[in-house]
Every structure is written in structure tokens, then in C-alpha cells.
Amino acid sequence: MDAIVALNQVVKDYPLGKLTVQALRGVDLTIAPGEFTVIAGPSGSGKTTLLNMIGCVDVPTTGSVTVAGQRTSALRDRARAKLRLEKLGFIFQTFNLIPVLSAAQNVEFPLLLDGRLGKRERQRRVAELLDQVGLSAQARQRPNELSGGQRQRVAIARALVTDPAIVLADEPTANLDSVTGLAIIDLMKDLNRRRNTTFIFSTHDEHVMAHARRMVHIADGVISDDRVLEPTPTPTYDAAVA
Amino acid sequence: MKRLARLRVLGQMAWRNLFNHKAKNTAVGLLMAFGAFLVVVGSSTLDSIERAMTRSVTGSVAGHLQVYDQNARDQLAMFGGGFMGAPDIGTIPDFGRVKSTLMQVDNVKAVIPMGIDIAEFYTQTELDQAIESLRKALDARDEDRVARMEHKIRAMAKLMDEERQNRRKIARNKAEVDQQLADIRHIASDAFWEGLRRDPVAGVTTLDTKLAPLVDEAEGNGMQYIGTDLDAFVKSFDRFELVQGSLVPSGHRGMLVNQHFYDNQLRNAVARMFDDLKKELREDGKTIAGDPLVQNLVKRMVRQYRRVTFQLEPEEAKALEGELRTLMPDAEGNLDDLVQALLDVDDRSFDTHYAFFQEHVVPRIQLYLYDIGDVITIRVFTRSGYPKSVNLKVYGTFTFRGLEESILAGAHNLMDIMTFRDLYGVMTDEKRAELAEIKASVGLADVKAEDAEDALFGEDSEVAATPLPEAGSFDELAELKRAAKAGAARDETFTQADVDGGLALNAAILLKDPSRLEETWGALYGASAQAKLGLQVVDWRLATGMIGQFVSLAGAVLYIALIIIFIVAIFIMNNTMVMATIERATEIGTMRAIGSRRLFILGLFFSETLMLGVVAGVLGGLAGYGFMSYLGSAGIPAPSDELILLFSGPRLFPTVDGGQVVSALILIVIVSLVATLFPAWMATRIQPIVAMQAKE
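Bear in mind the structure is a predicted one, so any value in this text is a computation, not a measurement.

Cut-offs used in this document
Residues numbered from 1 in each chain as written. Chains lettered and ligands numbered in written order. Predicted model: local features only at pLDDT ≥ 70, side-chain atom pairs only at ≥ 80, totals over all residues. Buried ≥ 20, exposed ≤ 12 C-beta atoms within 10 Å, placed from the backbone. Helix = DSSP H or I, 4+ residues; strand = E, 2+ residues; numbered from the N terminus. Pairing = 2+ DSSP bridges. Contact = placed C-beta atoms within 7 Å. Nonpolar A, V, L, I, M, F, W, Y, C, P; charged D, E, K, R; others polar. Axes fitted to C-alpha atoms, helices over the stretch in contact; angles between N-to-C directions. Parallel < 35°, antiparallel > 145°, perpendicular 65-115°, else oblique. Left-handed = near helix turned anticlockwise from the far one by under 90°. pLDDT = per-residue confidence, 0-100.

A few words now on the pairing of strand β6 (residues 375-381) of chain B. Each regular strand carries side chains that alternate between the two faces of the sheet. Residues and elements named next belong to chain B. Of the two faces of β6, only one is covered, namely that formed by Ile376, Ile378 and Val380; the face formed by Val375, Thr377, Arg379 and Phe381 stays uncovered. With 3 bridges joining them, strand β2 (residues 108-122) and β6 adopt antiparallel strand pairing. When the bridges of β6 are listed, Tyr122 appears paired with Thr377. Pairing geometry for β6 and strand β7 (residues 387-400), over 7 bridges, is antiparallel. Counterpart to Arg379 in the pairing with β7 is Ser389.

Quick look at the structure:
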């Protein structure tokens, strides 16, 4: 199967005052569709930078990043926004829901930006995903009326609503207690299996890492370890909706 | 449909964000609301003042337009504007031609000749009146009245004696003052009055020649007047209202005195001050104890007590003294002391003393310097520089409705234009002949200025060769003749052709439809230029003088103030929104990360501002509307005299309409959108990566 994400000799420099900090120092990485991959490593190792590259919110200094067949550094801002909207879903450490919208509206939001689906289809998808993350009853509540775990479930539903090829999650459990954190990882893993969506997430929590099927370890801007923990299963629920 | 859904969520987000960022939006919203409030209040007030002023100025003396000499040195200022006397606005030598030309112009209702000038007028002094009364009493052999007048004149002589003694101390020519003192003392003596009863003619002549000239001409008062076609004036200016007396009959010379001028400049000072005091206490709600200015007014009034006592004849004085003692049983002293006690009112005694004054004092004194129906002497220096006097009958008093209290509007007295022309020094054929006669009789030759030196000092100097007439041989007689003519002048009648066919300084133009002023202004200019009348045409604002430009000035001040307020507001709003944008960076970054385009962020920001602007603008505008509606029924009191003219009365009742609220709203929304430009642009620059970096 073709790689959904391919990084080739990616170098990323950040100016820091007069110095230049090299966050990534020649990373080669290929991720196939349907993988459930964790990027692990201590703080400052470059894992967030790596995720930003994959998420098309940042471009490499040298080297190339190809996401869903498109080389990101060659795209203009608008095209990258389109790529993010259509191919990528984001889950943030701090959930980042839009405070003034209800849970259902937050989930619907990317569909509205996309603008290709009618109202009925949007509502069907929102209802389906809220059901899948177990929040049907909280659909009309605003983020500040939800618990941390519930908010992250809304964020997951939002990330998946456009039926993206890849979902990126930067430390999705860092702001949650360990029980809730594991429940969120289980939910992501379940959705990965049922929808065959590629999940790439970062963490430094070893309990969370253990649930991944592939673990890429990064240290000092280079991949220090890359191993498969369990094989990627055949999807139980194909992306029939796409 | 899909786009609509996106707009809906945009609107919804924007609307909810208004309530989600309360601190920022309350601050910015209040600023916007205040701005809208100011715009409504300001524009409504200005519009109302402009309307009120149009009413009062166009309806009193200015008309809608004014024409005057296009080469005039100064600008026309109907309500004053120059600092030094009357401005030199040139002349319209042939008003008749101007009138007939301009009346042809469409929309012109009336063309009224005018001339504004300032003169001194004289009434008889109290001594003159007393001597006149004595003369009549002697003729009628009315011994009682002779005795009363003797008492009065001797009392005056005594005061003049004191005054001359004081003057002697500082006089350079002491001998002259000593002579005057001797005359005064002679007249104050019993011997003089015995002699007067034996030879009345000699006695009265002594009074006339020795005593009367010693009274300083303090009774000469300044007055401003407009010479005009009185019939046309009264008919055309709708604010004109006769108060007392009658109009000047058509074709007759005469004056109408402004009631305000009559009450304030010509009325007995004590009576006037007592009324001023009443206004302060009863209308303005002040107290004597609580206001030093009012206390000062009482003090000044007390000092004027002689204006009452001087006018009383002995029995009247006696009667009043008795009545005063009944009113104030504890008061001591003579009549002077009693009158001072009467005038020295406090908050408790004011009402009774005022009532007493009206009932017992007013009927016994001459309340005005002259009465309606009297003839006064008006003296001016004509443009050619020689003094000129006319006697003129005062037919009545008038006021301009709504401007009764205005000093500016109250300064204008009205006079027939024929008398005005005489006072202005217009040369009639008759006068030219008279002047030629005088010149011939004194042997004066016309000398051109450039030949003057030669004429005076050249060898064939004719001037020197002409024998000078003996000093005093013509002077007094000519003056007497002229005075007699001036006195007789008031009996002459004149026709409308006389009124139209002469000089005016300026002319007021009244329009049938005032809303077409601009258009008519142009047409008048065209007509004037075509007929080579040499006139300039100005609208009433400009013609009014400084006060007329007040509205434009106030408008400019308001707009500058608003611009400054809006610039400050834009900075504050901009700053507040930039801060808010920084706070919302994660939210914006998130939206960007999950696929929002920059346009969406821009749309969100402008929608928020638009909604806030509309809400705040409507609230502020309605508050302004409410406030002005309240003022519209309560009225804004005019704090100064100038404002009475602007307000067209002592209170301005402003009106406000929906249009002003809508303009304010539009203005506020535009200003808010401008203030949003930078923060919104900044928001679109927020990178999606910001969302990733957010750590709690």
C-alpha cells in the first residue's frame, strides 16, 4: 500500500535569538494508511515539530514532506488550508474547542468550512460521530459545560467528521487523568480500526505508548527507534462513507 | 444554501462572541454608544439652532439675503461684528433701481432698503423741565406751582454748588469755576427769587443762561437705529410686533423704539433694577443672602435712591415719607434715608417693598426718559463730518417675537429712511444750493487738493486775498435756521417714490420660498451683474455678523470634536481588539488548523464589530433621541444673551428625527469597522501552529 505520509531527510531550523536551534536533523519516516502510530520522546526531542510537519501547519527547512500525495512545502497557504480541511483531522492537547459553539456545532464546524455537504448529511454525520464517542446526550452543551474527557471526545469527533485520511493528536492525554487518558486512547484505537483512519499521536506517557501499534521514538531531532508493537489489523469498518 | 449555512454559523459565532468577551465588548460598546449619542445630540442641537436662528434672524431684521456695495470696505453685520462703531459697508446710491431690478428675480417677495447707524439722542434735562414748568407757572400766575418749582430748582442748585466745590479742587481754571459758583449761589439766594417774581422774564432768562448750561450733557445717550421703509418692514418681517403706541403713519417721519432698549436704557434705573432683582429672585430662584451678585445688585440699587427722591415735588415727597413710615415704623431719618431703607431689601422684605414701590413710588416718578409720543432730538456726525440734528417723534415701541430678552436684537430701533438719509448726510438739491450760498457768502473757492499748496502760498493766492467775514457774523444764525428746519422736518410728508428713490446702505431681500435660497442667491447675483448694480449678495448667516457665523463655527467645532473623539475611539477600540485577538490566538489558530481560510477569520471579526456597532449604535442613538426629545419638551435655557438670538427665544426646544439616529448609526458602524481593520488583519496572520503550541 502507498504511504499516506512520507518524510525524506527533513531538517527544521528555528531561530532562537542569535542562535539557530535544529529541531529536526534529517528525519526519514513513512506511514501507511490505517496505522496507529505513536511518536514518543522526551520534551524538546522534536516530536511536536514532526507532527506540525505532518499536519501541514509548518514546512521543513530542507527535505520534503508528502501528505496524501502532496508535497507541503510547494503549497500556498490557501491550498494547505484546503489540505488540512480535507485530509487531516486535529486533536489538541488543550482540546481547543470553539467556546461559543455547542458540542454538535463544534463537530459540524469543519463540514461548514468545507461546504460540500448538505444540512441533512452534516447532521447525520455529527449524530453518528457523537454517538461513536458516546456524547449523544451532550450534543447541545457548550464546551465549558463538559468535563475534560468529554471535551476531548468532542475534539475527536470533530477531527473525524470530515472523514480525513489522517488524524493527528499532539499529546491528547496530557491534560487528562490516567483513566480518562487511557479511555481516550482506546476510543481512538477503536475508531482507527473501525474507520481505517490513520492515527498519529505524540505522548511521553509510557502507559499510552503501550497502546500503540507502531512506536517511533525520537530523540535530539532524529529517529532513534522505530518498531511495530502489533500488526495493523484489517479494517472492520471500511471508509464506506467517503 | 451551503454558503448560507456557513454565514449562519459565522453570524452565530460572532453574536455569541459578543457575550463571551464581555469586558472588551462592554468597553468598546460603551464607546460606540457614546459616540452615537454625541452624534445624535450634536446634530440635532445644531440643526435646531440653525432653524431657530433662521427664524429669528430672517424674521427680524436680516431677511433671507442682503445686498450691499460690492466694494464695501467692511462686511455687513446686522447684529454687530465690528469692534469699532458701525462698519463701513458703502452705499446703494439709487435704491429705486436696485429694487425694481431685483423684484424681477423669481422667488423674491420683498426688497427693503436699510441703513444702520449709531447716534446720540437728547431729551430735556430735569433742570430744563423744571425751568419750563416754572415759566408756564409764572405765565399762568400759579403761585403754588411757582413755589414748588422754586423748591426744586434751589435744591438742584444746592447740589450743583457741592459738585462745583469739588470740581474747584481739581480745576485748572479756578476763576471760571468761581464765577460759576457765584452764579449758582446767586440763584440759590432768596433775593434772586424775590427778583424773579417781580421780573419773571429776566429771572427765567438768568436761569436759562446761567444755570441750565452748567448741567453737564449727561443725558445724551447712544442708540442704534435702522433707517428703513417702515411700511414694508412691518409688513415683511413676521417677528415684528408693536408693543405700545402706534406705527408711524405712512409718509410720515418718525421712530419706533425697541421695547428692550426702552425698558433697559430709558427706564428709571431704580425701577429697572427692582425688576431685575425680581427676576433673579422669583424666576431664577436665587436668594439675596445666598448670592453675592444679587447682593451687589441691591447695593447698586440703594445708591441710586436720588433717582426717586429728585423727581418728587414737596407734597408728594411728604406723602411718600408718611407712607414709608407706615411701611417701616422702625426706620429713622429723613426721606432720603427712608427711600434707601425701602430699596435695601432682603429676602424677607422683598415682596412687600417691591409691591410698595410699584404702588406708591412708580406713579409719582417719570418712569422713562421719554414717553411714547414725545419728540426727541437725535444728533449724529454725518459722513462728511459735520454735526447734524433732527427732532423726531417716537410713535411706539416694538419687539421681535421670541427675542424680547435679547440685547443684540433689542438694540435695533427703527426710523423712517428719509430721516436716516438726512442724518447720514445725503446732499439734496436744496442742501447743495444752501451750501453754495454759504460758500459764496464767506468767499470760499473750491480748491483741488493737488493745487492746495499753490492756492495757499502761491503768488496769486486768492484765498489770502479774499477778505474774511467778521467772526460770528454767520455762524449762529445759520445754525438756528438749520435747527428750525430740522424741527419743522417732522411735519413734512413723503411718498413711496421718495422712499424708493434715494440712498440706502443695504437692502434686505425676503423670499417667497426660503428653501430655494441658494438658487435665488445665484439669480440675484446674475441680475445685479447684468444691470451693473455693483452689489454683493450675502445670505443671512454672513449678513448677521459674527453671531450669524456661530452656527457654522459651532458646527465646525462639533465636527472637529467628533473627529477627535472618533480618532481616540478608534485607537482605544483598536487597542482593545488587538489585546482580545492575542487572547483568542489559540481559538483562531485552531480554526485555521482545522481548515478555516483567512477570509473566514476576517469575516468573523468584522461580523462581531458590525453587530456590536449596530447594537451600541442603536442604543446610543436611541438614548440621544430620548435625551433630545426630553429637551424638546423641557427646553434648553439660553445662558447668555447671544444665545437668545441663536435659540430664537429664552429657551431652545430642539427637535430630533429618525434620520439623525440613522446617520449616527451609519457613522458609528463605519468608525467601528475602521477600528477593526488592523486587529482583523492581525488575526488572519495567526498561524495554525499557534493552536499546536498551546499548553495549559
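From this point, things continue past the structure.
Glycine aside, the phi torsion of most residues is negative, and most peptide linkages are trans. Residue and element names in this part refer to chain B. Of note, Arg141 is a non-glycine position whose phi angle comes to about 55°, a positive value. Counting through the fold element by element, Arg141 comes out in the loop between α4 (126-139) and α5 (143-170). With 9 C-beta atoms counted inside 10 Å, the residue Arg141 sits in the exposed group. Positive phi, close to 50°, is recorded for Lys532, a residue that is not glycine.

All names here are of chain A. Judged by pairing direction, the sheet is antiparallel, and its 4 strands sit side by side in the order β2-β1-β4-β5 without closing on themselves. Each having just a single partner strand, β2 (19-31) and β5 (70-71) make up the two edges of the open sheet. Two elements, strand β4 (residues 62-67) and β5, share 2 bridges in a ladder whose sense is antiparallel. Bridge pairing links Val67 to Gln70 in β5.

So, on to the interface of chain A and chain B. Facing 25 residues of chain A, the contacting portion of chain B comprises 27 residues. Secondary structure elements with two or more residues in the side of chain A that touches chain B: α1 (47-54), α2 (77-87) and α3 (103-114) of chain A. For the side of chain A that touches chain B, a count of residues per class yields 12 nonpolar, 8 polar and 5 charged.

Residues and elements named next belong to chain B. When you line up the elements, Glu492 lands in the loop between α22 (475-489) and α23 (496-500). Taking the number of C-beta atoms within 10 Å as the measure of exposure, Glu492 has 11 and is therefore exposed. Between the alpha carbons of Glu492 and Gly251 there is a distance of 8.5 Å; along the sequence they are 241 residues apart.

Looking now at the packing of α3 of chain A against helix α4 (residues 119-132) of chain A. Residue and element names in this part refer to chain A. Relative to each other, α3 and α4 sit at 125°, their axes nearing to 10 Å. The pairing of α3 with α4 is recorded here as oblique in orientation. In this structure, the crossing between α3 and α4 has a hand that is right-handed. Within the contact between the two elements, α3 uses Ala103, Ala104, Val107, Glu108 and Leu111 and α4 uses Arg122, Arg125, Val126, Leu129 and Leu130.

What follows is about the confidence of the model for chain B. All names here are of chain B. Across chain B, pLDDT averages 83, with 88% of residues at or above 70. Note on residues 461-477: pLDDT is under 50 here. Beyond four places in sequence and across chains, it has 12 contacts. Under a pLDDT of 50 for its full length, residues 485-490 has, in the predicted model, 12 contacts with residues more than four places off or in other chains. For this predicted complex, the interface confidence score (ipTM) comes to 0.85, while the overall pTM stands at 0.66.

Here the focus is the sheet that holds strand β9 (residues 214-219) of chain A. Residue and element names in this part refer to chain A. Strands sit in the order β6-β7-β8-β3-β9-β10 across an open sheet of 6 strands; the sheet is mixed. Every other strand in the sheet has two partners, leaving β6 (88-91) and β10 (222-228) as the edge strands with one partner each. Here the strands of the sheet are splayed against their neighbours by 15° on average, with no regard to which way each runs. Where strand β3 (residues 36-40) lies against β9, 4 bridges are found, and the strand directions are parallel. Among the inter-strand pairings, Ala40 is bridged to a residue of β9, identified as His217. In the packing of α1 onto the sheet, the strands contacted are β3, β7 (166-170), β8 (198-203) and β9, and the crossing angle to β8 comes to about 155°.

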